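# Summary of structural features
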Amino acid sequence: VSIEGRKTLFVSLLAATDERSFVACVARAVGAPTSAIDLVRVIDYAGHADSQFLILDNFEHLAESCAEVVQSLVEAKPDLRVLVTTRRRLEIAPETVYQVGPLPLGAENSSPETPSAAATLFTRRASRLRPFFRLTKKNIGEVEALVRQLGGIPLAIELAAEKINVFTPSALASRLAGGTGLL
């Protein structure tokens, strides 16, 4: 994948718990030895750092312990572009924050053929856990009601979709309305 004509490296950080495992996740993504302990060397291993776009996904649990590592990388590789997905600011220089707003919502009488963007996101995430989960005439109203209840907020929708193996969309909405702190 290329963004702005740059080679893109996508790194999921779900498995990372500290600085060492963070660097190991990046190393795996670029094909570097996971024993590497320096993020700058890991990026050098990938080659052409000046033409790369590094996406660090799910960084929130690492923000405090690894923000300085990202700052060191940006300082060492000024032409490298880094996109970090997190709910928290890293408080590093330079940092540009882009707020992600809510997704468009649909009506309860939407059809499965024309779901809202929010319902589509829920369905895509839910189908990763339940491959046969689809929007149908029977559940479209429930899904649209659920994502409306979540305010169309992408992170909330993704967290709700993670519960699809345990709850139906209607049960999720009921639990949310009941204040059970489900997400």
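Note: the structure precedes this text.
Residues numbered from 1 in each chain as written. Predicted model: local features only at pLDDT ≥ 70, side-chain atom pairs only at ≥ 80, totals over all residues. Heavy atoms only, no water.

The next thing to look at is the overall build of the protein chain. Looking only at helices and strands, the protein chain features 7 helices and 4 strands. In the protein chain, the order of α-helices and β-strands from amino to carboxyl end is β-β-α-α-β-α-β-α-α-α-α. A total of 183 residues make up the protein chain; the buried ones form 42% of that total. Summarising the internal contacts of the protein chain: among those between residues at least 6 apart in sequence, 63% fall at separations of at least 24. Summed over its atoms, the accessible surface of the protein chain is roughly 10600 Å², and 52% of this surface lies on carbon and sulfur atoms. Positive and negative charge centroids in the protein chain, built from 20 and 20 side chains respectively, lie 8 Å apart. (Helix = DSSP H or I, 4+ residues; strand = E, 2+ residues; numbered from the N terminus. Buried < 20%, exposed > 50% of the residue type's maximum accessible area, 1.4 Å probe, protein only. Contact = heavy atoms within 4.5 Å. Areas by Shrake-Rupley, 256 points an atom, 1.4 Å probe, with all protein chains shown as cover. Lys, Arg positive; Asp, Glu negative; His and termini not counted. Charge placed at Lys NZ, Arg CZ, Asp CG, Glu CD.)

Its 14 residues give helix 3 (residues 63-76) an end-to-end C-alpha distance of 19 Å, which sits within 8% of 20 Å, the value for a rise of 1.5 Å per residue. The set of residues buried in helix 3 consists of Ala63, Cys66, Ala67, Val69, Val70, Gln71, Leu73 and Val74. (Expected span 1.5 Å × (residues − 1).)

Attention now moves to the nonpolar core. In summary, soluble globular proteins display a tendency toward joint burial of nonpolar side chains. Within the largest apolar cluster, 30 residues are counted, with the highest numbers of intra-cluster contacts made by Leu13, Phe22, Leu56 and Phe59. If you tally residues by element for this core, the top one is helix 3, at 7 residues. By size, the runner-up hydrophobic cluster in this structure holds 20 residues, among which are Leu121, Val143, Ile157 and Leu172. (Core = buried A, V, L, I, M, F, W, Y, C linked by side-chain atoms within 4.5 Å.)

With that settled, consider the side chain of Asn139. Mapped onto the elements of the fold, Asn139 is located in the loop between helix 4 (117-129) and helix 5 (140-149). Taking relative accessible area as the criterion, Asn139 reaches 10% and is therefore assigned buried. A distance of 2.7 Å separates a polar atom in the side chain of Asn139 from the backbone nitrogen of Thr136. (Polar contact = N/O pair within 3.5 Å; in protein donor to acceptor, adjacent residues only side chain to side chain.)

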